[in-house]
Amino acid sequence: QVQFVESGGGLVQTGGSLRLSCAASGIIFSINAMGWYRQAPGKQRELVAQLTSVYSGGTTNYADSVKGRFTISRDNAQNTMYLQMNSLKPEDTAVYYCNTIPAARLRGMDYWGKGTLVTVSS
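Residues numbered from 1 in each chain as written. Predicted model: local features only at pLDDT ≥ 70, side-chain atom pairs only at ≥ 80, totals over all residues. Heavy atoms only, no water.

## Describing the overall build of the protein chain
Here is the rule: Strands here mean DSSP runs of E at least two residues long; helices mean DSSP runs of H or I at least four residues long; both are numbered from the N terminus. Radius of gyration: C-alpha atoms only; globule rule: 2.2 Å multiplied by the number of residues to the exponent 0.38. The cut-offs for exposure are 20% and 50% of the maximum accessible area for each residue type, with area from a 1.4 Å probe on protein chains only; residues under the lower value are buried, those over the upper are exposed, and the others partly exposed. Note on contacts: a residue pair qualifies if any of its non-hydrogen atoms lie within 4.5 Å across the two residues. Working definition of accessibility: Shrake-Rupley area with a 1.4 Å probe, residue cover restricted to the visible protein chains. Neither His nor the chain ends contribute to the count of charged residues, in which Lys and Arg are positive and Asp and Glu negative. To locate a charge, the coordinates of NZ of Lys, CZ of Arg, CG of Asp or CD of Glu are taken.
Broken down by element type, the protein chain carries zero helices and 12 strands. The helix and strand sequence of the protein chain, counted from the amino end, reads β-β-β-β-β-β-β-β-β-β-β-β. In terms of overall dimensions, the protein chain is globule-like: its C-alpha atoms have a radius of gyration of 14 Å, near the 14 Å expected for 122 residues. The C-alpha extent of the protein chain, read off along each of the three principal axes, is 40 × 30 × 25 Å. Burial analysis of the protein chain (122 residues in total) assigns 42% to the buried set. Restricting to contacts in the protein chain with at least 6 residues of sequence separation, those with at least 24 account for 54%. About 6500 Å² of surface is accessible on the protein chain, with carbon and sulfur atoms providing 49% of the total. In the protein chain, which carries 11 positive and 7 negative side-chain charges, the distance between the mean positions of the two groups comes to 3 Å.

## Some thoughts on the state of the cysteines
By definition, a disulfide links two cysteine residues through a covalent bond between their sulfur atoms. Condition: Our working definition of a disulfide is a cysteine sulfur pair at a distance within 2.5 Å.
For the coordinates displayed, the defined rule picks out one disulfide. Disulfide pairing is shown between Cys22 and Cys98; the S-S distance is 1.8 Å. One disulfide, between Cys22 and Cys98, carries an S-S torsion of 55 degrees and so falls in the right-handed class. Placement of Cys22 in strand β3 (residues 18–25) and of Cys98 in strand β9 (residues 94–100) is noted, with a sequence separation of 76 residues between them. This pair shows no difference in class: Cys22 is buried, exactly as Cys98 is.

Nothing here speaks to function; it is geometry throughout.
Right under this line is the structure:
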């Protein structure tokens, strides 16, 4: 059974940095396309960073809103994924989730972990 545990969120001032981590069980990161998603209050969840599987070259892609500031990476040996977030802005405030692309399914529904809250103060 797949399980994601996100961590590393917190309160940071504008311009600050955070590093999010995602640990998983029931899935191997390296052979799946993986992503970091976020959901801000009152908004839909959006994909902000993606990392293809090793079979697809492990390439990255970012939403325009975070390009140049966020970096997604993966430690295959530890089966852990990271999101380095620099130059944070108040509009980055959201709950951040890791997941496969598309999202993992569990009992016929998209499965999401609890996420980790990032709050950027102005």
